[in-house]
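Listed here are the chains, written in short residue letters.
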Amino acid sequence: AWAVTWVATYVLARAAVVGIGLPDFTVAWATGAAALGLPVVLATWWVKRTARKAQLATPTWTPGGTLTQTTLAGIALKASPHATWRRARRFGLVAVATVVLLVAGVMGLRQLGLGPAASLAASGKVRDNTALLLADFAVGGGDAALGESRTQGMRTALGRSSAVRVVSPGAVGVALQRMLRDPATPVTPAVAREVAQRNGIPLVVTGRVAVAGSGFLVTVALESADSGSVLAPLQRGARGADDLLDAIDWLARRLRERVGESLRDVNRTPPLAEVTTASLPALQAYSRAVTLGDVQGKFAEAIGSLEEAVRLDSTFASAWRKAAVYAWNVGRPPSTVFRFARAAYRHRERVPPDERA
């Protein structure tokens, strides 16, 4: 019965997180409260069983006329009046009520803009649909291509947000040209803040991928472009390169929550690998193509990188879609453009909503 209750608690908590928009920790809190019920149930069962056996057993007397019984039986008999199933059920109800009150309190503080759970929008630090500029991810002790692909992954993940508007690489390149700089200039945190300040972009996201043993540690920070103050520092570990995309997805979700996006919208967003690619080499090729095409305007070269990406993952719909756009830009035959577009449409469930539209 306890196992069924625990499974039911997990299922209901997970459904509430996705359906209602409760915080992710609701599942851990609810299942933890259910797990606390196991020792209570086992203790009550043991007390009742041991006390009943002791009461039904034939009494044993000492030569002096004293009733003998084991220490455990004595403990069970003394605890039996207090360890009742009614009290066990009451404990369960109190645990459930405690979790409900804690979650409601956190949600209330989030909406009011108070405490550590407060969203930046509720506290007045961020406006709805505000612009956000993403700096290139730095890489410590690893392949620089990891930084490019992680930057693109974060751009895609944040691009699914309804609370912020991510500035495109092309727009950043145009801003750099207005600053009399090469549009292919690496967008370091310092460059990102300068571009943001010059163009009235209030928020900057910086990131770093560092090698940690056999895995990686991914760190991101949401910063104010004007003051440089950190509004939301986050980090997540990854066991290996294959887990980096999941780490980026988790960090992007937490950033969206911190900004103030509806938790229901965040929780209902499909995993990043489902709307991009689970292949790291394919994502790296796509990142190179975006830099070549959107930033430098070298569409013909970018098409080659996109064709490499779809060779590695034929379901990479975003790569097919961008290849169709670039092919049109350079005047490729309509048959080529439509071939790319048909492939993108065939896998349209694997792109973010705006690209799908």
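Predicted, not measured: the structure shown is a model, and the values here were computed from it.

A. Focus on the overall build of the chain. When its secondary structure is counted, the chain shows 15 helices and eight strands. Considering the chain as a whole, with its 357 residues, one finds that 43% of them fall into the buried category. Taking the intrachain contacts of the chain between residues at least 6 apart in sequence as the baseline, contacts between residues at least 24 apart amount to 60%. Counting every atom, the chain has about 18600 Å² of accessible surface; 60% of that belongs to carbon and sulfur.

B. Structural context of the nonpolar core. Residues Leu-132, Phe-137, Met-154, Leu-158, Val-218 and Leu-222 are the most contacted members of the largest nonpolar core, which totals 54 residues. Of the residues forming this core, the biggest block, eight residues, is contributed by helix H8 (residues 244-259). Excluding its chain neighbours within four sequence positions, the residues that come into contact with Leu-132 are Leu-158, Val-164, Arg-165, Val-166, Val-167, Ile-201, Leu-203, Val-205 and Leu-222. Membership of the second largest hydrophobic core comes to 16 residues, among which are Ala-175, Leu-176, Val-187 and Ala-192.

C. Spotlight on the layout of surface pockets. Size it by volume and the largest pocket reaches roughly 650 Å³. Together, 28 residues line the largest pocket, and Thr-5, Thr-9, Ala-34, Gly-92 and Val-96 are the ones closest to its centre. At the level of secondary structure, the elements contributing two or more residues to the lining of the largest pocket comprise helix H1 (2-19), helix H2 (25-56) and helix H4 (85-112). Considering each element in turn, the lining of the largest pocket owes the most residues, 13 residues, to H4. Quantified by volume, the second largest pocket comes out at close to 480 Å³. What lines the second largest pocket is a set of 29 residues, among which Asp-136, Glu-148, Pro-186, Val-187 and Thr-291 lie closest to the centre.

D. Summary view of the packing of helix H12 (residues 299-312) against helix H13 (residues 317-329). Interhelical geometry of H12 versus H13 gives an angle of 155 degrees and a closest axis separation of 9 Å. Looking at the two axes, H12 sits roughly antiparallel to H13. Between H12 and H13 lies a crossing whose hand is left-handed. Listed contacts from H13 to Phe-299, Ala-302, Ile-303, Leu-306, Ala-309 and Val-310 of H12 are Ala-319, Trp-320, Lys-322, Ala-323, Tyr-326, Ala-327 and Asn-329. Each residue belonging to the contact of H12 with H13 can be placed in one class, and the counts come to 11 nonpolar, one polar and one charged.

E. A look at the pairing of strand E8 (residues 230-238). As paired elements, strand E7 (residues 215-224) and E8 share eight bridges and run antiparallel to each other. Residue pairing across strands places Leu-217 opposite Gly-237, the latter belonging to E8. Count of turn residues in the E7/E8 antiparallel hairpin: five residues, of which Gly-228 carries a positive phi of about 75 degrees.

F. Layout of a positive patch on the surface. On the surface, a cluster of positive charge is contributed by Arg-86, Arg-87, Arg-89 and Arg-90. Structurally, Arg-86 can be placed in helix H4.

G. Quick look at the pattern of salt bridges. Taken as a whole and assessed by the stated rule, the structure comprises 10 salt bridges. A salt bridge links Asp-249 to Arg-253, with the nearest nitrogen and oxygen atoms 3.3 Å apart. Separated by four residues within a single helix, Asp-249 and Arg-253 lie in helix H8, roughly one turn from each other. Arg-256 is the salt-bridge partner of Glu-261, the closest N and O atoms lying 2.8 Å from each other. Comparing Glu-261 with Arg-256, the two get one shared label, buried. Ionic contacts of the salt-bridge type, sharing partners, join the residues Arg-160, Asp-249 and Arg-253 into one network.

H. Geometry of the packing of aromatic side chains. What the rule picks out here adds up to three aromatic pairs. Note on Tyr-286 and Phe-316: the rings are 5.1 Å apart at their centroids and 45 degrees apart in plane angle, and the pair reads as tilted. Separated by 30 residues along the polypeptide, Tyr-286 in helix H11 (residues 280-295) and Phe-316 in the loop between H12 and H13 bring together distant segments of the chain. For Tyr-286, a relative accessible area of 5% corresponds to the buried category. Arranged with centres 5.1 Å apart and planes meeting at 45 degrees, the rings of Phe-299 and Tyr-326 form a pair that is tilted.

I. Seen up close, empty space enclosed by the protein. Tallied over the full model, the rule gives two cavities of 30 Å³ or more. Each pocket or cavity is described by its volume, and for the largest cavity that value is around 70 Å³. Considering the residues around the largest cavity, the lining is formed by Arg-150, Ala-241, Asp-242, Leu-245, Thr-277, Ala-278, Ser-279, Leu-280 and Leu-283. Of the residues assigned to the lining of the largest cavity, the class counts are five nonpolar, two polar and two charged. The computed volume of the second largest cavity comes to approximately 40 Å³. Along the walls of the second largest cavity sit Leu-132, Leu-158, Val-164, Val-205, Leu-222, Leu-255, Arg-256 and Val-259, which together make up its complete lining. The dominant element in the lining of the second largest cavity, judged by the number of residues it contributes, is H8, at three residues. Residues belonging to the lining of the second largest cavity are distributed by class as follows: seven nonpolar, no polar and one charged.

Rules of the game
Residues numbered from 1 in each chain as written. Predicted model: local features only at pLDDT ≥ 70, side-chain atom pairs only at ≥ 80, totals over all residues. Heavy atoms only, no water. Helix = DSSP H or I, 4+ residues; strand = E, 2+ residues; numbered from the N terminus. Buried < 20%, exposed > 50% of the residue type's maximum accessible area, 1.4 Å probe, protein only. Contact = heavy atoms within 4.5 Å. Areas by Shrake-Rupley, 256 points an atom, 1.4 Å probe, with all protein chains shown as cover. Core = buried A, V, L, I, M, F, W, Y, C linked by side-chain atoms within 4.5 Å. 1 Å grid on protein atoms, 1.4 Å probe; cavity = no way out; pocket = protein on both sides within 12 Å on 5 of 7 lines; lining within 4 Å. Points joined across faces, edges and corners; volume = space filled by probe spheres on them. Axes fitted to C-alpha atoms, helices over the stretch in contact; angles between N-to-C directions. Parallel < 35°, antiparallel > 145°, perpendicular 65-115°, else oblique. Left-handed = near helix turned anticlockwise from the far one by under 90°. Nonpolar A, V, L, I, M, F, W, Y, C, P; charged D, E, K, R; others polar. Pairing = 2+ DSSP bridges. Patch = residues over 30% accessible without salt bridge, like charges linked within 9 Å, V, L, I, M, F, W, Y side chains within 5 Å. Salt bridge = Lys/Arg side-chain N within 4 Å of Asp/Glu carboxyl O. Lys, Arg positive; Asp, Glu negative; His and termini not counted. Charge placed at Lys NZ, Arg CZ, Asp CG, Glu CD. Phe/Tyr/Trp six-rings, centres within 6.5 Å; stacked < 30°, edge-to-face > 60°.

Everything listed is a geometric property; what it means functionally is a separate question.
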